[in-house]
Amino acid sequence: MTTSETPVGAPTRLDRLADAVMGTANVVATLWILGLMVLIVADVLGRETLGQPIAGVPEMVKYSIVGIVFLQIAHTHRKGEMIRSTGILGMLNARYPRAAKAMELTAQLCGAAFALTLAWAVWPKAIRAYERGEMEGVQGHFTLPVWPFLSLIVLGSVLLALSFLLSAAREVQSRPTQDFRNT
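Predicted model only: the values in this text are computed from it and were never measured.

Looking at chain direction, strand E1 (residues 135-138) and strand E2 (residues 142-145) are connected through four bridges and run antiparallel. Residue pairing in the sheet places Glu-136 in a bridge with Leu-144 of E2. The hairpin turn running from E1 into E2, its antiparallel successor, is three residues long, and Gly-140 in that turn takes a positive phi close to 90 degrees.

Okay, the packing of aromatic side chains next. For the structure on display, the rule yields three aromatic pairs. For the pair Tyr-63 and Phe-149, a centre-to-centre distance of 5.2 Å together with 45 degrees between the ring planes defines the contact as tilted. With Tyr-63 in helix H2 (residues 57-78) and Phe-149 in helix H5 (residues 147-173), this pair connects stretches of sequence that are 86 residues apart. Here the aromatic cluster, defined as three or more aromatic residues joined through ring pairs, consists of Trp-32, Tyr-63 and Phe-149.

Attention now goes to the side chain of Ser-174. For Ser-174, the location among the structural elements is in the segment after H5. The buried category is assigned to Ser-174, whose relative accessible area is 16%. A polar atom in the side chain of Ser-174 sits 3.0 Å from the backbone oxygen of Glu-171.

Once that is clear, we can look at the pattern of salt bridges. Here the structure, examined in full by the defined rule, presents four salt bridges. Between Arg-78 and Asp-15 there is a salt bridge, with its nearest N and O atoms 2.9 Å apart. Here Arg-78, found in helix H2, pairs with Asp-15, found in helix H1 (residues 13-50); they are 63 residues apart in sequence, far enough to count as distant. Residue Arg-78 shares its accessibility class with Asp-15, and that shared class is buried.

About the thresholds
Residues numbered from 1 in each chain as written. Predicted model: local features only at pLDDT ≥ 70, side-chain atom pairs only at ≥ 80, totals over all residues. Heavy atoms only, no water. Pairing = 2+ DSSP bridges. Helix = DSSP H or I, 4+ residues; strand = E, 2+ residues; numbered from the N terminus. Phe/Tyr/Trp six-rings, centres within 6.5 Å; stacked < 30°, edge-to-face > 60°. Buried < 20%, exposed > 50% of the residue type's maximum accessible area, 1.4 Å probe, protein only. Polar contact = N/O pair within 3.5 Å; in protein donor to acceptor, adjacent residues only side chain to side chain. Salt bridge = Lys/Arg side-chain N within 4 Å of Asp/Glu carboxyl O.

This is a description of form; function is not addressed.
Here it is, written out as structure tokens:
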């Protein structure tokens with residue numbers, strides 16, 4: 001089936017690929033959370049029972065939160081689980097479905113623009129951190145490189161922008177009488 005023959009609403013190859021990549025990033029982030037939980041428990045046990053905490057746990061947790069959020073955000077949007085208020089959109093859809101559709105399309109495109117702007121702004125910082133070998137922590141005690149976490153912000157932002165753009169494309173293809181209260 002060619003792209004022009006694809007029924008409206010049917011997932012395209014790009015949709016399936018995006019779902020796979022975003023789902024994989026989500027699984028990686030979830031495993032990362034489990035690893036952090038084990039690390040924190042081991043740190044507390046080491047601190048309280050042996051008097052030996054694990055070096056760098058606060059730094060690892062601080063940067064891990066950023067990495068986890070950006071690995072999961074695109075999947076969250078793609079599955080329609082982002083926090084949003086659809087009250088006005090629902091009321092608008094009941095009376096003016098085309099206006100509601102235009103508003104939803106605008107929201108998706110603005111989201112894509114914001115995510116791409118974030119990726120564009122952080123990318124040079126990630127490159128600079130890599131080239132300079134920037135580290136976080138206390139020299140001689142514990143340090144970790146900063147660039148992987150900045151790169152995850154870029155990756156997550158690009159994936160989020162893709163999710164917004166795919167939603168916008170789906171919005172363009174959908175009928176204007178779609179009920180926004182159930183999205």
